[in-house]
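# Architecture and fold: a report
For reference, the chains in residue letters:
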Amino acid sequence: MLPVDDTALAVTDTGGTGIPVLYLNGHTATQGYWRRVIAELGTGWRHITYDMRARGKSGRSADYSFETNVRDIDAVLAARGVDRAVVVGWSYGAFAAAYWASRNPDRTVGAVMVEGAQPYDWLDDAMEVRLRKLFRRLSPLLLLLRPTGLTSRMSAAQIAESNIEIGRIASVRALAPVLDDITVPARYVVASGRSFGSKDDEQERIRASLAKVCERNPNIKIHAKVPSNHGSILKKDFRAIAEAVREVAAVDRGRR
């Protein structure tokens, strides 16, 4: 348990002399979601996972903001004595990986964004209402799931507001400059089809925004578009994610 501000984060570090890989979870996910990717990469890498605030075994906090979660990356790496790492993020964690890599090029071996960090203006007033209504409706279920560790210990309202915050961060105006500033090797692994809460083809429209990102920044490429959907990608297409990690590390070696 790593004390940070008003809470403590549950951190797992395999140790060893391999390239450190820091895994950044989905919004309400836990570090266990990465087990297949970690197994695929094997023992030649140093794997560091942790639960974000109020997720998994980590403690609750008064601050669940995106910026706080990005700062927690620094706290985890400092506590483990890691100077440079590959950052790999899924969904919410992909945004954190992109922001951290953009701000810390000297400390980033490479970045892998899995089904997230795609600049698109999907949030509007109607969507905010829809998200608040959705999580208000899910509140009883979330309370039941809390003891199982399948969801966070944030309230339904806090989860809704955090999703809305990500919608603002995902806007073209906010996210595109962050991605344009990435100078390290970065790869996307994107899913297919709809995800929980999405409608019609909106998820595919969001993914299509990456074409312009890659055109503007040669450091960023789409490593793979896989058949699994947003929620199952870590389970079904872990090999593609592991291969993207290997690729960015190889590009980094070639630059040195």
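To be clear, the structure that these remarks concern was listed above.
Numbers given to residues run from 1 along each chain, matching the order in which its sequence is written. Local features in a predicted model are, by the rule used here, given only for residues with pLDDT of at least 70; side-chain atom pairs are given and counted only at 80 or more, and totals for whole chains, interfaces and linings are based on all residues. No hydrogens and no water enter the side-chain calculation; it runs on all heavy atoms of the structure.

## Focus on the overall build of the protein
To keep things clear, this is the line we draw: Counting from the N terminus, the helices are the DSSP runs of H or I reaching at least four residues and the strands are the DSSP runs of E reaching at least two. Using C-alpha atoms as the atom set, the radius of gyration is obtained and then compared with a globule rule of 2.2 Å times the number of residues to the power 0.38. Note on exposure labels: buried denotes an accessible area under 20% of the residue type's maximum, exposed denotes more than 50%, and partly exposed covers the range between, all computed with a 1.4 Å probe on protein chains only. Any two residues whose heavy atoms approach within 4.5 Å are treated as being in contact. Methods summary: accessible areas were calculated by the Shrake-Rupley approach with a probe of 1.4 Å, and residue burial reflects only the protein chains presented. For the charge count, each Lys or Arg is scored as positive and each Asp or Glu as negative, with His and the chain ends excluded. Charge coordinates come from a single atom per side chain, which is NZ of Lys, CZ of Arg, CG of Asp or CD of Glu.
A count of helices and strands for the protein gives 10 helices and 9 strands. Whereas a compact globule of 256 residues would reach a radius of gyration of roughly 18 Å, the protein reaches 17 Å, a difference of no more than 12%. Projected onto the principal axes, the alpha-carbon positions of the protein cover approximately 50 × 40 × 30 Å. Within the protein, the proportion of its 256 residues that are buried is 54%. By sequence separation, contacts in the protein at least 24 residues apart represent 75% of the contacts at least 6 residues apart. If you sum the accessible surface of the protein, you get close to 11,400 Å²; carbon and sulfur atoms cover 54% of it. Of the side-chain charges in the protein, 37 are positive and 29 negative, and the distance between the mean point of each set is 5 Å.

## Concerning the environment of Glu67
Structurally, the position occupied by Glu67 is in helix H2 (residues 66-79). Between the C-alpha atom of Glu67 and that of Arg53, which follows or precedes it by 14 residues, the distance is 12 Å.

## Brief notes about H2
We apply this condition: A helix's residues, less one, multiplied by 1.5 Å, set its expected span.
Between its first and last C-alpha, H2 extends 20 Å over 14 residues, near the 20 Å set by a 1.5 Å rise per residue. Burial in H2 covers these residues: Phe66, Thr68, Asn69, Val70, Asp72, Ile73, Val76 and Leu77. Of the residues trailing H2, Gly81 is marked for its positive phi of about 70 degrees.

## Section: the sheet that holds strand E3 (residues 11-13)
Put simply, the test is: Pairing between strands is defined by DSSP: at least two bridges between them are needed. Between N-to-C directions, angles span 0 to 180 degrees; the directions come from axes that are lines fitted to C-alpha atoms, helices contributing only their stretch in contact.
Taken together, the 7 strands give an open sheet; going across it, the order is E3-E5-E4-E6-E7-E8-E9, and neighbouring strands pair in mixed fashion. Looking at strand neighbours, the two that pair on one side only are E3 and strand E9 (220-225), the edges of this open sheet. Each strand of the sheet is rotated relative to its neighbour by a mean of 20 degrees, with strand direction disregarded. In this sheet, E9 lies alongside strand E8 (residues 186-190) in parallel orientation, the contact comprising 5 bridges. Across the sheet, Val190 pairs through a bridge with Lys225, a residue of E9.

## Section: the side chain of Ser58
Looking at the secondary structure, you find Ser58 in the loop between strand E5 (46-50) and H2. Setting aside residues no more than four positions away along its own chain, Ser58 makes contact with Met1, Ala8, Leu9, Ala10, Asp51, Met52, Arg53 and Arg153.

## Digging into the packing of H2 against helix H3 (residues 92-103)
Just so we agree on the cut-off: For classification, angles of less than 35 degrees are called roughly parallel, those exceeding 145 degrees roughly antiparallel, those between 65 and 115 degrees roughly perpendicular, and all remaining angles oblique. In this scheme the handedness of a crossing depends on how the near helix is turned from the far one: anticlockwise by less than a right angle means left-handed, clockwise means right-handed.
Running from N to C, H2 and H3 cross one another at 65 degrees; their axes reach a closest spacing of 10 Å. By the criterion of interaxial angle, the relationship of H2 to H3 is roughly perpendicular. In the crossing of H2 with H3, the sense of the turn from one axis to the other is right-handed. In this structure, H2 contributes Phe66, Glu67, Asn69, Val70, Ile73, Asp74 and Leu77 to the contact, and H3 contributes Tyr92, Phe95, Ala96, Tyr99, Trp100 and Arg103.

## Comments concerning helix H5 (residues 156-169)
A rise of 1.5 Å per residue sets the reference length of H5, with its 14 residues, at 20 Å; its end C-alpha atoms lie 20 Å apart and thus fit the reference within 8%. Every buried residue of H5 is listed here: Ala156, Ile159, Ala160, Ser162, Ile164, Ile166, Gly167 and Ile169. The secondary structure elements touched by the buried residues of H5 are H2, H3, helix H4 (125-145) and helix H6 (172-180).

## Notes on the pairing of E8
Burial of E8 is extensive: 5 of the 5 residues sit out of reach of the surface. In E8, alternate side chains face the same way, and those of Ala186, Tyr188 and Val190 on one face and Arg187 and Val189 on the other are all buried. Sheet analysis places strand E7 (residues 108-114) next to E8, joined by 4 bridges and oriented parallel. Considered in E8, the bridge of Val112 is made with Arg187.

## Structural notes on the packing of H4 against H5
For clarity, the threshold we go by: Note on residue categories: nonpolar means Ala, Val, Leu, Ile, Met, Phe, Trp, Tyr, Cys or Pro, charged means Asp, Glu, Lys or Arg, and polar means any other residue, Gly included.
The N-to-C vectors of H4 and H5 enclose an angle of 150 degrees; their axes lie 8 Å apart at closest approach. Relative to H5, the crossing made by H4 is right-handed. On H5, the residues touching Glu128, Leu131, Arg132, Phe135, Ser139 and Leu142 of H4 are Ala156, Ile159, Ala160, Glu161, Asn163, Ile164 and Arg168. Grouping the constituent residues of the contact of H4 with H5 by class yields 7 nonpolar, 2 polar and 4 charged.

Everything listed is a geometric property; what it means functionally is a separate question.
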